[in-house]
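# Coordinate inspection notes
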Amino acid sequence: NVDHKLEPTSIQHSDVKAQEEVVTYEVNKQVAVIRMGSKPVNAVSSHLKSSIEEKVSEANKDTNVKAIVLMSAIPGFFIAGADITEFKPKTKTEDPTTRLPSRLEGSTKPIVAAIDGFCLGGGLETAMGCTARVATPNSRLGLPELNLGIIPGWGGTQRLPRLIGVKKAMELMLTMKPISGKEAHDLKLVDQLCESNQLLSTAIQLALSIDMSKNIKSLHRQDRLESKAELEQIFAHLEKMVDPRQPQQRQALNAVKAGVTRGGDEGLVAEEEESFNVHKPTAKALQHLFFAERATSKIPNVPAYNKKINSVGVIGGGTMGGGIAIACLENGIKVTLKEVNQKFLDAGLERIKNTFKSKLERKRINQKQFDAALNNLTGTISYEGFQTLDCVIEAVLEIVDLKKSVFKDLSKHCNKECILGTNTSTIDIESIASDLDCRDRIIGLHFFSPANVMPLLEIIRTSHTSNEIIAAGLQLSKQLRKTPVVVKNCVGFAVNRIFFPYGGAAGFLVDRGVHPYRIDKALKNFGFGVGPFRMSDIVGLDVGVMTSNSMKGAYSDRAYDGQLKQIMVDQKRLGDKVGRGYYIKGKPDEEGIADLIKASQNRANNPKPLKNQNEFTDADIQEILLLPVVNEACRVVQENLVYRVSDLDVASVMGMNFPRFRGGIVAWADVFLGAKKTFEKLDRLYQETGMEMFKPCEYLKKCADNNKSLESGL
Ligand code: T1G
């Protein structure tokens, strides 16, 4: 009896996975049907690979079998790729002919891949190793490996160009975007198109019609490659396209080139060598981010939320309110826009309608989608109808008393389950909610401008917010197709808080003699779309001053504003909305700002240069601006404001356009510098300048002292 009880626990968890039979085999009309069922997405683990190979070998031996169909038992997924959780840095190159696609290509009986759903990375490579492919029109096929810092390593750089040409193949790899089954069929990547319910019969029929004596393997096809002259042109163009900061792009190109010039078999060897040499830090950073993005919605003790959010009230029809309304309408949620008077309401509704009109004109949406969105939009200047709304998001001016009175009204006019969200970026949510009996339903829903474009939604919980409302916030974010990051209440929440020293450090450098355009160039070279000064112009300098004032109030010890921003505001150079800021309509204005920079430097408290302006390298400037951000992120961790350190990586990439290939703000410091070096660099800057923003916080020091990564959450 005792032995019997002990038995299950003696099996290791990994053994359970290994013992589970996930691949099934049946013979249907002389065709062996092999079905993969490794949940959740058929990621090819070493176990799944060997199970498939076993069944294919069985089919090859089975005299009753003429052909093989490889398909999935999981709806929506053929194969999502190799199993990323099994990735380890390679210690030696391997024989590429042992890969699954090569093994399938070696089958003596024809194999048809029957694709219905995601067919990505190693999944598409597996399908290309098959003799032919059938797919449903809405399947998604692609090679997104570069997004993980690696290159297609199972023959994708060889077989895809030979099936659809180099130009299109490189486009698929570089954009990392999947194409539909229909597009894949147009490109001849897929041989036959059919609906889901016809998939098996179509695949069986095709499999039985293939004559292996006439078949040419994908790896050896020549007929779809471009001509020599065309290839020269294509490669010359691609040479210029690849981003030197993302070495995996060049490596994919090298592998493709090698295959085209030396043949598919040698190409496979070249691909293996390029795979072996991928830039390990970039791969580590990007793979970290892959899992980090999927982790943000996992919040302990939050119950499942089984309802859909069908209607949202938006209070305030300005830029933010309008953007939030558009985001909801684009995702099929009904919106009631409320303004204080008819004039403002009409203007708000007009802006929203114009956005959809422009989308229609640019063919981003069709007439049906346009009509559906506008039918879902209503306006009001009272709280009539608010009783039935599932959620309300307040986006009025940043005035505490105004926000308080809005929530007082909402507590009266909304039902007892309604989510009460505020889109404030600077006001303490705790204070808005303090004396209301609905305070457990009040939550921060912080969108980033433009709210219908930026992919991040910060969800802020106060000390009163209930877990049910957090669940509702996560549900809203899912419906809006945004990535949520849940933060406990603090001034600036995650993104504005960790990035406030970024602007401060930029101002600090200007006051010590570095030109704003030089700073912008260094941060662009780092991978930001625009540098901090150009960003200021886009956001509006007056908005920037307001935000930094609120940060200064909360974190005065480490705030540094510089003088230039205020001088620019005094000169009414408020940025793009008035046509001029640091730049004029986005173009440099060296002369126009020269005197203003001088005036700022004269007014600064400590204009002593750290070194001569020309001596600052890109890396110096990048570190001076970004290390204080890492430091502030570590403070947020120290104060226990996020559920995991990597949430801040996701927040920085999705809220601030921090370059993804650097893994996010904390991962960047971890992977490219290490905790110890990060500490030393900050400490040196602190010693040199005496500025508190550079003083390493306790958490950072602890990680460095204990030789732990900053992601460790020590
Ligand atoms: N390996 C391991 N786990 C994976 C995975 C993979 N390839 N893909 C998804 N998951 C997990 C994911 O972490 C999550 O887990 C769950 O599955 C559901 O995913 C040889 C070497 C297919 C579009 O880059 O893009 O092949 O969080 O939440 O929104 O050259 O997953 O639930 O615990 O994202 O429906 C190339 C990666 C691999 C595709 C589905 N393939 N996946 O999106 O669900 S490299 C990729 C995706 C490769 C070859 C190389 C998406 C998806 P958990 P999800 P989804």
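Quantities reported herein were computed from a predicted structural model and do not represent experimental measurements. (Residues numbered from 1 in each chain as written. Predicted model: local features only at pLDDT ≥ 70, side-chain atom pairs only at ≥ 80, totals over all residues. Heavy atoms only, no water.)

### So, the overall build of the protein chain
Put simply, the rule is: The way it works is that DSSP assigns letters per residue, a run of H or I at least four long becomes a helix, a run of E at least two long becomes a strand, and they are numbered from the N terminus. With the radius of gyration taken over C-alpha atoms, the globule rule is written as 2.2 Å times the number of residues to the power 0.38. Here the term buried applies to any residue with accessible area under 20% of the maximum for its type, exposed to any over 50%, and partly exposed to those in between, with areas from a 1.4 Å probe on protein chains only. Every accessible area reported is derived by Shrake-Rupley at a probe size of 1.4 Å, with residue values counting cover from the shown protein chains alone.
In terms of regular secondary structure, the protein chain is built from 30 helices and 22 strands. On C-alpha atoms alone, the protein chain measures out to a radius of gyration of 29 Å, which is about the 27 Å that the 2.2 N^0.38 rule sets for 714 residues. Considering only C-alpha atoms, the protein chain reaches an extent of 85 × 70 × 65 Å along its principal axes. Expressed as a percentage of its 714 residues, the buried residues of the protein chain come to 54%. Within the structure as shown, the protein chain displays about 32,200 Å² of accessible surface, and the carbon and sulfur contribution to it stands at 51%.

### A word on the nonpolar core
The criterion, for reference: The definition of a nonpolar core used throughout is a set of buried Ala, Val, Leu, Ile, Met, Phe, Trp, Tyr and Cys residues joined through side-chain atoms within 4.5 Å. Throughout, a contact is declared for two residues whenever any of their heavy atoms are within 4.5 Å.
Ranked by size, the top nonpolar core spans 80 residues in total, and within it I665 and W668 carry the most contacts. Counting residues per element, this core draws most heavily on helix α26 (residues 618–638), which supplies 11 residues. Setting aside its immediate chain neighbours within four residues, W668 contacts F526, L626, L627, V630, F658, R662 and L673. Ranked by size, the runner-up nonpolar core spans 60 residues in total, among them L100, A135, L148 and L160.

### Focus on the sheet that holds strand β7 (residues 111–115)
Note the following rule: Any two strands between which DSSP finds at least two bridges are classified as paired. Axes, fitted as lines to C-alpha atoms, cover a helix only where it is in contact. Angles between the N-to-C directions of the axes lie from 0 to 180 degrees.
Pairing within the open sheet is mixed, and its 6 strands lie in the order β1-β2-β4-β7-β9-β12. Edge positions in the sheet fall to β1 (23–28) and β12 (192–193), since each of these pairs with one other strand and no more. As judged from the 6 bridges shared by β1 and strand β2 (residues 31–36), these two strands associate in the antiparallel manner. Across the sheet, T24 pairs through a bridge with R35, a residue of β2. Taken strand by strand, helix α3 (residues 46–61) contacts β1, β2, β4 (67–72) and β7, and its axis lies near 20° from that of β1. Sitting on the sheet, helix α9 (residues 199–209) touches β1, β2, β4, β7, β9 (132–135) and β12, and the angle it makes with β4 is about 150°.

### Let's talk about the pairing of strand β16 (residues 391–394)
Cut-off, in case you're wondering: Whether a crossover is right-handed comes down to one check: with the strands pointing away from the viewer, does the path from the first strand over the helix to the second run clockwise; if it does, it is right-handed.
Burial along β16 is two-sided: the face carrying C391 and I393 and the face carrying V392 and E394 are both buried. Of the strand pairs in this sheet, strand β13 (residues 311–315) and β16 are connected by 4 bridges, and their pairing is parallel. Across the sheet, the residue bridging to I315 is E394, located in β16. In the classification by handedness, the crossover that spans β16, the intervening helix α17 (residues 400–413) and the parallel strand β17 (residues 419–422) is right-handed.

### Description of the site of the ligand
The following threshold applies: Note on definitions. A residue lies near a molecule or strand when any single heavy atom of the residue is within 4 Å of it. Throughout this description, a polar contact denotes any pair of N or O atoms lying within 3.5 Å of each other; where both atoms belong to protein, one of them has to be capable of donating a hydrogen while the other can accept it, and for residues adjacent in sequence the pair is counted only when both atoms sit in side chains. Polarity classes work like this: nonpolar for Ala, Val, Leu, Ile, Met, Phe, Trp, Tyr, Cys and Pro, charged for Asp, Glu, Lys and Arg, and polar for all others, with Gly in that last group.
With respect to spatial proximity, 26 residues lie near the ligand, and among them G122, E125, E145, R294 and K298 are the closest. Contact distances for the ligand include 2.7 Å between an oxygen atom and a side-chain N or O atom of E125. A distance of 2.8 Å separates an oxygen atom of the ligand from a polar side-chain atom of E145. Elements with a contribution of two residues or more to the shell around the ligand: β6 (81–82), β8 (118–120), α5 (122–129) and α13 (280–295). The biggest single contributor to the shell around the ligand is α13, with 3 residues. Residues belonging to the shell around the ligand are distributed by class as follows: 17 nonpolar, 4 polar and 5 charged.

### Section: a nonpolar patch on the surface
Basically, it comes down to this: To count toward a patch, a residue needs a relative accessible area above 30% and no salt bridge. Like charges then connect within 9 Å, nonpolar side chains (Val, Leu, Ile, Met, Phe, Trp, Tyr) within 5 Å. Counted as salt bridges are all cases of a side-chain nitrogen of Lys or Arg within 4 Å of a carboxyl oxygen of Asp or Glu.
A surface patch of nonpolar side chains, about 280 Å² in accessible area, is lined by L397, I399 and L402. With respect to the helices, strands and loops of the structure, L397 is situated in the loop between β16 and α17.

### Focus on the confidence of the model for the protein chain
Rule in force here: The pLDDT score gives, residue by residue, the confidence of the prediction method on a 0 to 100 scale.
Mean pLDDT over the protein chain works out to 93, with 96% of the residues at or above the 70 mark. pLDDT under 50 marks residues 1–19. Its contacts with residues more than four places away, or in other chains, come to 4 contacts.

### Some words on helix α30 (residues 698–705)
Formally: The arc in question is the one spanned by the directions pointing from the helix axis to the C-beta atoms.
If you check which residues of α30 are buried, you get Y699, L700, C703 and A704. End-on view of α30: buried residues confined to an arc of 135°, all on one side of the axis. Facing away from the buried side of α30 by over 90 degrees, the exposed positions are E698 and D705. N707 sits one or two residues past α30 and shows a positive phi near 55°.

### Some remarks on the pattern of salt bridges
Considering all chains together, one arrives at 35 salt bridges under this definition. A salt bridge links D542 to K577; the shortest N-O distance between them is 2.9 Å. Placement of D542 in helix α23 (residues 541–554) and of K577 in the loop between α24 (564–570) and β21 (583–584) is noted, with a sequence separation of 35 residues between them. Classification of D542 by relative accessible area gives partly exposed; the value is 31%. Here K577 falls in the exposed class, since its relative accessible area comes to 51%. Note that R573 and D589 form a salt bridge whose closest N and O atoms lie 2.7 Å from each other. On the criterion of sequence distance, the pair formed by R573 in the loop between α24 and β21 and D589 in the loop between β22 (587–588) and α25 (590–603) is long-range, its members being 16 residues apart. D589 matches R573 in its accessibility class, with the two residues each being buried. Beyond isolated ion pairs, a larger network of salt bridges with shared partners links R497, D557, R558, E632, R635 and E639.

### Structural notes on the environment of E590
One can find E590 in helix α25. On the accessibility criterion, E590 (47% relative accessible area) is partly exposed. In the structure, E590 is positioned 73 residues away from Y517 in sequence and 8.7 Å away in space, judged by C-alpha atoms.

### A word on the sheet that holds strand β18 (residues 442–447)
In space, the 8 strands of this open sheet follow the order β15-β14-β13-β16-β17-β18-β19-β20, with mixed pairing throughout. Two strands in the sheet have a free side with no partner beyond their single neighbour: β15 (377–380) and β20 (483–488). Looking at each pair of strands side by side, their axes are set apart by 25° on average, direction ignored. Looking at chain direction, strand β14 (residues 334–338) and β15 are connected through 4 bridges and run parallel. Considered in β15, the bridge of V335 is made with L377. Here α17 sits on the sheet in contact with β13, β16, β17 and β18, set at roughly 170° to β17.

### Remarks on the pairing of β7
Within a regular strand, side chains alternate between the sheet's two faces. In terms of burial, β7 is largely enclosed, as 5 of its 5 residues are buried. Burial along β7 is two-sided: the face carrying I111, A113 and I115 and the face carrying V112 and A114 are both buried. Bridge analysis of β4 against β7 gives 3 bridges, and the strand direction is parallel. Bridge assignment links L70 to a residue of β7, and that residue is A113. Across 4 bridges, the pairing between β7 and β9 is parallel. When the bridges of β9 are listed, A114 appears paired with V134.

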